[in-house]
Amino acid sequence: MDMIYKHLCDMVGDENVSLDEDMSRHVTFRAGGRAKYFVQPDDTLQLMEVLKFLKSNSLKYYIMGNGSNLLVKDDGFDGVIVKIGNKFGTIEMDTEKNQIYCGAGALLAKIASIACDHSLTGMEFAAGIPGMVGGAVAMNAGAYGGEMLDIIDKVWVIDENCNEQCLTCEKLEFGYRTSIIQNKDYIVTAANLQLERGIKSDIVTKMNELLSARKEKQPLEYPSAGSTFKRPEGYFAGKLIMDAGLRGFHVGGAKVSEKHCGFVINSGNATAGDIIMLMEQVTKIVYDKFGVKLEPEVKII
């Protein structure tokens, strides 16, 4: 018997471990290879136990959330992928303090909707972001003038020694699409969000406006990972790609969206290789034309 598989099953239960898992089912690109081992812990204690086992045995692993910013290469991941999913999806309101406690697996859109129901403002920007709290905090996700650092009170993480810490917003060292969590390989388990009391009708109006803008400007009808490249300082990635004449440019089933050039989409049966090759070619052409180096927002493993 595969001893790694057996140990993982002993820690989290057979139902939470699978072999040779098709990762295209778990990423929003709907493309990519398989993971040798795939684990979904039930709670923080199981997650810490799994991490201790992986580290003590020097096993290759990757922690994922909703898969909205991830692509696994076609030849797969020869290690353990640990998914922090809806089992970490707790959402608890504190209406006296205007705070929301949420697990790392809670969906941003769901939290934004609950905040709206309770007339709390500050999360409108997140209504259409297809991610979970853990990844959003780690990369300081944002849109339409708002970002996670604006609403974070504190965050619980598992550190490099597999101990749980609670970090205030000031200690998270937020920057553009980055934080101390990425720099130190911390793992978010939960966050406390600080919002403000607002007028529900105004919140609904703003959320609807932002959702309408997304539908109008973004290719939501196709699988993608959202904005494929980070915004270069002083530029917009989508405009650079458009000005380079790459609107509709494609490699296999991967394509630069004609609606928004900042999005690489899976227009039909794209492989991870198609997407990666397209990203590389777009990066080269934009650099050759404008001298600006595009950096991917998508994590490729």
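Residues numbered from 1 in each chain as written. Predicted model: local features only at pLDDT ≥ 70, side-chain atom pairs only at ≥ 80, totals over all residues. Heavy atoms only, no water.

For the chain, the count of helices and strands is eight helices and 19 strands. Against the compact-globule benchmark of 19 Å for 301 residues, the chain has a radius of gyration of 20 Å, which places it among compact chains. In terms of its C-alpha atoms, the chain occupies a principal-axis envelope of roughly 55 × 55 × 30 Å. When burial is assessed residue by residue, the chain has 50% of its 301 residues classed as buried. A fraction of 65% describes how many contacts in the chain between residues 6 or more apart in sequence connect residues 24 or more apart. Working note: accessible area of the chain is about 14300 Å², and carbon and sulfur atoms make up 47% of it. Treating the 33 positive side-chain charges of the chain as one cloud and the 40 negative ones as another, the clouds have centres 4 Å apart. (Helix = DSSP H or I, 4+ residues; strand = E, 2+ residues; numbered from the N terminus. Rg over C-alpha atoms; globule rule 2.2 N^0.38 Å. Buried < 20%, exposed > 50% of the residue type's maximum accessible area, 1.4 Å probe, protein only. Contact = heavy atoms within 4.5 Å. Areas by Shrake-Rupley, 256 points an atom, 1.4 Å probe, with all protein chains shown as cover. Lys, Arg positive; Asp, Glu negative; His and termini not counted. Charge placed at Lys NZ, Arg CZ, Asp CG, Glu CD.)

What follows covers the environment of Ile-63. For Ile-63, the location among the structural elements is in strand E3 (residues 61-64). In sequence terms Ile-63 and Asp-185 are 122 residues apart; their C-alpha atoms lie 9.7 Å from each other. Leave out the neighbours within four places in its chain, and Ile-63 touches Leu-51, Val-82, Ile-84 and Ile-187.

Moving on to the nonpolar core. Note on soluble globular proteins: their nonpolar side chains tend to be buried together. If you look at the biggest cluster of nonpolar residues, it comprises 60 residues, and the most contacted ones within it are Val-137, Met-148, Ile-152 and Ile-181. Here the element with the most residues in this core is helix H2 (residues 44-56); it accounts for six residues. Not counting the four nearest positions on each side in its chain, Ile-181 is found in contact with Val-137, Ala-138, Val-155, Val-157, Leu-172, Tyr-186 and Val-188. Membership of the second largest hydrophobic core comes to 36 residues, among which are Phe-29, Ile-81, Leu-246 and Cys-261. (Core = buried A, V, L, I, M, F, W, Y, C linked by side-chain atoms within 4.5 Å.)

Look at Asn-98: it is not a glycine, yet its phi comes out positive at around 60 degrees. The backbone phi angle of Arg-177 is positive, close to 55 degrees, even though this residue is not glycine. The exposure class assigned to Arg-177 is buried, which follows from its relative accessible area of 12%.

What follows covers helix H8 (residues 272-290). Between its first and last C-alpha, H8 extends 27 Å over 19 residues, near the 27 Å set by a 1.5 Å rise per residue. For H8, the complete set of buried residues consists of Ala-272, Asp-274, Ile-275, Ile-276, Leu-278, Met-279, Val-282, Thr-283 and Val-286. Those residues of H8 that are buried are in contact with strand E4 (70-71), helix H7 (237-243), strand E16 (250-251), strand E17 (254-256), strand E18 (263-266) and strand E19 (299-300). Two residues or fewer after H8 comes Gly-291, characterised by a positive phi angle close to 70 degrees. (Expected span 1.5 Å × (residues − 1).)

The subject of this paragraph is the side chain of Ser-257. In this structure, Ser-257 sits in the loop between E17 and E18. Using a relative accessible area of 2% as the deciding quantity, one classes Ser-257 as buried. Beyond its immediate stretch of four places on either side in the chain, Ser-257 contacts Pro-219, Arg-247, Gly-248, Phe-263 and Ile-265.

Below, the discussion takes up helix H6 (residues 200-217). If you check H6, its first and last C-alpha atoms are 26 Å apart, about what 18 residues at 1.5 Å a residue would give, namely 26 Å. Buried within H6 are the following residues: Ile-203, Met-207, Leu-210, Ala-213 and Arg-214. Looking straight down H6, one finds that the buried residues subtend no more than 125 degrees of arc, so they occupy a single side. Across H6 from its buried face, at more than 90 degrees, point the exposed residues Glu-209, Lys-215 and Glu-216. For H6, the secondary structure elements touched by its buried residues are helix H3 (108-117), strand E8 (120-121) and strand E9 (142-143). (Arc of directions from axis to C-beta.)

The subject of this paragraph is the pairing of strand E6 (residues 91-94). Here E6 pairs with strand E7 (residues 99-103) via four bridges, running antiparallel. Among the inter-strand pairings, Ile-91 is bridged to a residue of E7, identified as Cys-102. Hairpin connection between E6 and E7: a loop of four residues separates the two successive antiparallel strands, and Asn-98 in this loop has a positive phi of roughly 60 degrees. (Pairing = 2+ DSSP bridges.)

At their nearest, the axes of H3 and H6 sit 9 Å apart, and the two run at 150 degrees to each other. As summarised for this structure, H3 and H6 are arranged roughly antiparallel, according to the angle between their axes. Contacts between H3 and H6 pair Ala-112, Ser-113, Cys-116 and Asp-117 from the former with Lys-200, Ile-203, Val-204 and Met-207 from the latter. Residues that form the contact of H3 with H6 fall into these classes: five nonpolar, one polar and two charged. (Axes fitted to C-alpha atoms, helices over the stretch in contact; angles between N-to-C directions. Parallel < 35°, antiparallel > 145°, perpendicular 65-115°, else oblique. Nonpolar A, V, L, I, M, F, W, Y, C, P; charged D, E, K, R; others polar.)

The values reported here are purely geometric and, on their own, carry no functional implication.
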